[in-house]
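Structural overview
Residue-level listing of the chains:
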Amino acid sequence: MRDEAIFATCPDEEFFGREDEIGRVLVRASGPRTAPLGGYLVGARWTGKTELLRRVYHRLFWGQERVVPVYYQFRGCLSAADFAGDFLRAAIKQYLAFSTRSPLMIKEELTLKGLKRALEEGDMEDLAGLIERHARAHAEEDHVALFRNAVSSPSFIARRGRAVFLLLDDLDAACGISLYKGGPGMLGEYLDALISGQTSYLAAGVTAKALEGSRSPLEVMELKGLGEAAALSMMMKLCNIHGVEFDSEILANACLKLEGVPVYIKNMVWSAARTKSPITTLREFVELYAACLLQGNIGALLRSAMPAGGKDALRVLFACANSPSGVSEEELRERFSLGAEEVKEAVEALRSSGFVDNGGLGVVKWAGDGVAKDFIDCAYAVEVRGKSAEEAKTELMLRRLKEGFRMQGARVGGGLTAEVGELMRGFDGQRIPKSFFKNLMPSHAAAGREDEISLPHIVGSFQPAVLDGDASKDRGGPSRTAGGPQSCALVVAHGFQSARYDEKNEVMWIAGVKESPVPMNAGDVEDFMKRSNLLMDRHRVALCARWLVAREGFTGEAAKRMDDTGVWATDASALGFLRDTVAGGAARPTASKIGGTVKEFEITLPMKARSELVAAKTAGEIGEEMGFDDDGVTGIKTAVVEACINAFEHSKVRNGRVHLRFVVGGAGLAIYIQNSGRVFDRLDSPQTPAAPAAGSMRRRGWGMEMMQGLMDVVRLENLRGGTRLVMVKYLKKDGDKSNG
Amino acid sequence: MAKRDRDFREMKDCAILYADQYMNDVEGERLEELAAVFLEKGVKKLIIDFSRTELINSIGISILVGIMDKLREKEGVLFFSGLKKANHDMFNMLGLTRFVPVCKTEEDALAMMGRGATAGGLQAKPRNEGGA
């Protein structure tokens, strides 16, 4: 078994969202080129630079033979002489390991003398000569000769027939090393020497300070935290791996707060797993966050990254972190009664560590992230202001709860409520299946077929003003009630139950919409009942329907209360189907093409292994009943399996379910598949790769291609809060070859 | 003397692997492991028989492609047999049949192998005989 991870990396299942960057670096490293390329990957601490470089190294080591990868991490070198010996040993060892495919050699503790012997035995006198010259320069204490000899090693290796690609990690850790006392840092000369020696490289560091003094052209690439979707996906997967209970909306909120920085995300989840803390509410997240920052690994990491400098450094950091436009050095001197030299030293150390940057004109600007700022605020409160750790923690939690609450409000604000209002405006006497509403009791709505109801003819809908006795009055808004952000917004729709526009037929629908990512509970139902009673008193209409809609469904107690009171209920996923059914026409183009609806079937699947087979069996029986032949039925079943797998893979919602609706028409079968809220693959997703090269087949991305090949129509529809896949298979007419 | 098992049938220099009713990740991995075992033993002629298989999903396809790649690396020969017409059409659509010959039955595949499919048989011109 080959040793994949020559330099330690995190497990593959915990690595997320950097495939594009890795691909770009691999092209850079092994693609054709005429001139050497210099690159610098700059990014805040813990954004994953080391992981990225090491993964590139592993892929270059195992995936090709043309370019020799050499990974070097600038750590622990105190002088140019130390660096020279260390770098020379690393470059030669890695070349030997690569050319003999012996990864274990990289980890072997070989001295330069031992290496020289190995090179001589392998008839590599040219490389042995490098070690010989190193020993001579070392004896003569000629640091410049030592340095230049080491830097020339990649060129010597390249002369043996394979180009070298250097991966230089933590470059800015060597900023302080110079070739001679009082001279400039050696890094500028080092990078220039690499390029003039025809060696391409990708270096990584926290600040661009390391590049000062280099005159060679180089491309700077910025590595930021993971994007929102990748960060959420990572955090959810880690929670699943480590058995941490979570709520996806709260995790989304957490990812924003953690700015997508992988190390923060991992440490949060590890800490939650260790302390068995769920992340299902904003408060749980904030408590965990405060604990990680003040007593946990995140705090320890940030503390270790801070330069030594005691309270002065902390003061400077606090001032910068809390001043959006930066602070001048002069202001720092005055504010903290520090000498010019002290400020300069503190700023320089902080700049090297990436916490602050030069804002120009002597202004020092905060360059850290929000988590580091929270840490600095707490440390300042405790160490400078003398507050207790508990007080600092309480202050932090209060701030973050308020911020999280605002973010949560912004994320969910109004989407579903507006959708329900718009939907009710579209009620115009349509007949729809009862199954869209649970607890459908009132008899006035159930005229005609038993499994259908007639919707009213709605004239208009609106959100009611604050009601007398409404607890939300004091809480700043008509849509907030005693339950705070977890209560319902009200939407009222007014109209007539039939086309007879008289008082007897006047109807009012009162909808309560719970937007927040927690299920509706019995308290919410009670609250809704009280407020809807007030509305009914005010409007005094002949008929009234009360309807609750919840993004995350209903608790058992809430369902029982609704049963008792005859309140109807619909969850957000069913709402999408209801909207399409109500809209008809443009929103339901397949209905006419499949020859008018004859029957409809719905099933809801849990996201469990092999549950797609239940959907396939249903599809198969419907297909057989409709007259599709064996091949047609197998094709439909295979497409349904693919759609379900796709929906499972891409749903990002806790306790996820996949809803399928089969609409049987005279001319064909339409199948609607919707997961709980998030995206399916795009039809033109980059996951569907280009055609395979001759003699080699691609490995993934077949799903959409299969569905498109097996069904007559496959398309994605964007819904509020998610995506839905629609597939249609037509029955062939007489004279067509078959129904397959 | 041929050895028989419900999952595979091993002959002197050839093995037939029987895919289950639902070719998904689990089943694909089982076949992949079996294929690896035979390759390790030096058996480089493999037939995957799908006569029991009704449904094949995309993960199963990906794993089949992996098996094809491994066979190619080892200069082995791979045949598919017993595909239902719908699945055969799907393999055609996805381009798999350009690389792996498909026979009606495992006996046909054995006969075709005996007629001289050689190392590198993955690139042999497929004989599309249709589904079962």
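Note that the structure is predicted; figures quoted are calculated from it, not measured.

Check the secondary structure of chain A and you find 27 helices and 20 strands. The 740 residues of chain A split such that 53% are buried. Counting only contacts in chain A whose residues sit at least 6 apart along the sequence, the fraction spanning at least 24 positions is 70%. Put simply, chain A shows about 32400 Å² of open surface, and 50% of that area lies on carbon and sulfur atoms.

Moving on, we get to the packing of aromatic side chains. All names here are of chain A. This structure, assessed with the given rule, holds 27 aromatic pairs over all chains. Between the aromatic rings of Phe74 and Phe83, the centroid separation amounts to 5.4 Å while the plane-to-plane angle is 15 degrees, which identifies the pairing as stacked. Here the two residues Phe74 and Phe83 agree in accessibility, since each one is buried. A network of ring pairs unites the aromatic residues Phe7, Tyr57, Phe61, Trp62, Tyr71 and Phe98 as a single cluster. A cation over a ring is seen here: Arg101 above Phe61, with NZ or CZ 5.5 Å from the ring centre.

Below, the discussion takes up the packing of helix α26 (residues 630-650) of chain A against helix α27 (residues 703-710) of chain A. All names here are of chain A. Across the interface, α26 lies against α27 with an axial gap of 9 Å and an inter-helix angle of 150 degrees. It follows from the interaxial angle that α26 and α27 lie roughly antiparallel. As for the relative orientation of α26 and α27, their crossing is left-handed in sense. Residues Gly635, Thr638, Ala639, Glu642, Ala643 and Asn646 of α26 form the contact with α27, whose participating residues are Gly703, Met704, Met706, Met707 and Leu710.

What follows concerns the packing of helix α15 (residues 310-321) of chain A against helix α17 (residues 340-352) of chain A. All names here are of chain A. Where α15 meets α17, the axes come as close as 10 Å, and the angle between the chain directions of the two elements is 70 degrees. Considered as vectors, α15 and α17 are oriented roughly perpendicular to each other. Each of Asp312, Ala313, Val316 and Leu317 in α15 lies in contact with α17, whose residues at this interface are Glu342, Ala346, Val347 and Leu350. Residue classes in the contact of α15 with α17 are distributed as six nonpolar, no polar and two charged.

We now examine the pattern of salt bridges. Oppositely charged side chains may form a pair once their charged atoms are brought near each other. Residues and elements named next belong to chain A. Going through the model one piece at a time under the given rule, you end up with 29 salt bridges over all chains. Residues Lys116 and Glu120 are paired through a salt bridge, measuring 3.3 Å at the closest nitrogen-oxygen approach. Of this pair, Lys116 and Glu120 both sit in helix α5 (residues 112-121), four residues apart, which is roughly one turn of that helix. Classification of Glu120 by relative accessible area gives partly exposed; the value is 33%. Arg303 is the salt-bridge partner of Glu383, the closest N and O atoms lying 2.7 Å from each other. Taken together, the residues span a long stretch of sequence, with Glu383 in helix α18 (residues 370-383) and Arg303 in helix α14 (residues 297-305) at a distance of 80 residues. Its relative accessible area of 30% is what places Glu383 among the partly exposed residues. Residue classification places Arg303 among the partly exposed positions, given a relative accessible area of 40%.

A few words now on the sheet that holds strand β3 (residues 163-169) of chain A. All names here are of chain A. If you trace the five strands from one edge of the open sheet to the other, you get β2-β3-β4-β1-β5, paired in parallel fashion. The open sheet has two free edges, formed respectively by β2 (67-73) and β5 (219-222), since each of these has just one partner strand. Taking each pair of neighbouring strands and ignoring which way they run, the sheet shows an average axis angle of 15 degrees. In terms of strand pairing, β2 meets β3 through seven bridges, oriented parallel. Across the sheet, Val67 pairs through a bridge with Ala163, a residue of β3. On the sheet, helix α1 (residues 19-30) packs against β1 (38-42), β2, β3, β4 (200-205) and β5 and is oriented at approximately 140 degrees with respect to β3.

So, about the interface of chain A and chain B. Counting residues at the interface gives 27 residues for chain A, matched by 27 residues for chain B. Of the roughly 2200 Å² buried between chain A and chain B, counting both surfaces, carbon and sulfur atoms make up 62%. Counting the contacts that link chain A with chain B gives one salt bridge. Linking B:Glu54 and A:Lys637 is a salt bridge whose minimum nitrogen-to-oxygen distance equals 2.6 Å. Of all the secondary-structure elements, those providing two or more residues to the side of chain A that touches chain B are α25 (612-626), α26 and α27 of chain A. At eight residues, the largest contribution of residues to the side of chain A that touches chain B is made by α26(A). Residue composition of the side of chain A that touches chain B, grouped by class: eleven nonpolar, six polar and ten charged.

Before going further, it helps to spend a moment on helix α6 (residues 125-139) of chain A. Residues and elements named next belong to chain A. For α6, spanning 15 residues, the distance from its first C-alpha to its last is 21 Å, which sits close to the expected 21 Å at 1.5 Å a residue. Within α6 the residues assigned to the buried category are Leu127, Ala128, Gly129, Leu130, Ile131, His134 and Ala137. In this structure, the buried residues of α6 make contact with α3 (80-100), α5, α7 (143-151) and α8 (153-158). The positive-phi residue at the C-terminal boundary of α6 is Glu141, with phi of around 55 degrees.

Once that is clear, we can look at the sheet that holds strand β13 (residues 506-514) of chain A. Residues and elements named next belong to chain A. The strand order across the open sheet built from five strands is β11-β12-β13-β14-β15, with neighbouring strands paired in mixed fashion. Looking at the sheet topology across the chains shown, the edges are occupied by β11 (457-462) and β15 (568-571). Mean inter-strand twist for the sheet, computed between neighbouring axes without regard to direction, equals 25 degrees. Pairing of β13 with strand β14 (residues 543-550) involves eight bridges; the strand directions are parallel. In the strand pairing of β14, Ala511 is matched with Trp547.

All names here are of chain A. Counting buried positions along β1 gives five out of five residues, so the element sits mostly inside the fold. Neither face of β1 is exposed, since Gly38, Tyr40 and Val42 on one face and Gly39 and Leu41 on the opposite face are all buried. Across five bridges, β1 lies against β4 in parallel orientation. By the bridge assignment for β4, Leu41 is matched with Ala204.

What follows deals with unusual backbone geometry. Residues and elements named next belong to chain A. Although it is not a glycine, Asp123 sits at a positive phi angle of roughly 55 degrees. Counting through the fold element by element, Asp123 comes out in the loop between α5 and α6. For Asp123, a relative accessible area of 66% gives the class exposed. Residue Glu141 is not a glycine yet carries a positive backbone phi of 55 degrees. Within the secondary structure, Glu141 is located in the loop between α6 and α7. The exposed category is assigned to Glu141, whose relative accessible area is 65%.

Each value, and the rule that gives it
- Per-chain numbering applies: the sequence of each chain, read as written, is numbered from 1 onward.
- A letter from A marks each chain and a number from 1 marks each ligand, given out in the order of writing.
- Confidence filtering applies because this is a predicted model: local features only for residues at pLDDT of at least 70, side-chain atom pairs given and counted only at 80 or more, and all residues used for totals across whole chains, interfaces and linings.
- As a convention, hydrogens and water are excluded, and side-chain values are obtained from all of the structure's heavy atoms.
- Secondary structure counts use DSSP, requiring at least four H or I residues in a row for a helix and at least two E residues in a row for a strand, with both numbered from the N terminus.
- Burial classes: relative accessible area under 20% of the type maximum marks a residue as buried, over 50% as exposed, and values in between as partly exposed (1.4 Å probe, protein chains only).
- Contacts are assigned to residue pairs that have any heavy atoms within 4.5 Å of one another.
- Every accessible area reported is derived by Shrake-Rupley at a probe size of 1.4 Å, with residue values counting cover from the shown protein chains alone.
- Note on aromatic pairs: the rings of Phe, Tyr and Trp (six-membered ring only in Trp) are paired at centre separations within 6.5 Å, and the planes decide the class, stacked below 30 degrees, edge-to-face beyond 60, tilted for the rest.
- Here, a charge over a ring means that NZ of Lys or CZ of Arg falls within 6 Å of the ring centre while also lying within 35 degrees of the ring normal.
- Axes here refer to lines fitted to C-alpha atoms; in helices the fit is confined to the stretch in contact. Angles between the N-to-C directions go from 0 to 180 degrees.
- When describing relative orientation, an angle under 35 degrees is termed roughly parallel and one over 145 degrees roughly antiparallel, while 65 to 115 degrees is termed roughly perpendicular and anything else oblique.
- Handedness of a crossing follows from how the near helix is turned relative to the far one, being left-handed for an anticlockwise turn of less than a right angle and right-handed for a clockwise one.
- In this count, Pro and Cys sit with the nonpolar residues alongside Ala, Val, Leu, Ile, Met, Phe, Trp and Tyr, while Asp, Glu, Lys and Arg are called charged and the others, Gly among them, polar.
- When a carboxyl oxygen of Asp or Glu is within 4 Å of a side-chain nitrogen of Lys or Arg, the pair counts as a salt bridge.
- Strands are treated as partners if at least two bridges between them are detected by DSSP.
- By convention, the term buried area covers the 1.4 Å-probe accessible surface removed from two parts as they join, with the contributions of both added.
- Each residue after the first adds 1.5 Å to the expected span of a helix.

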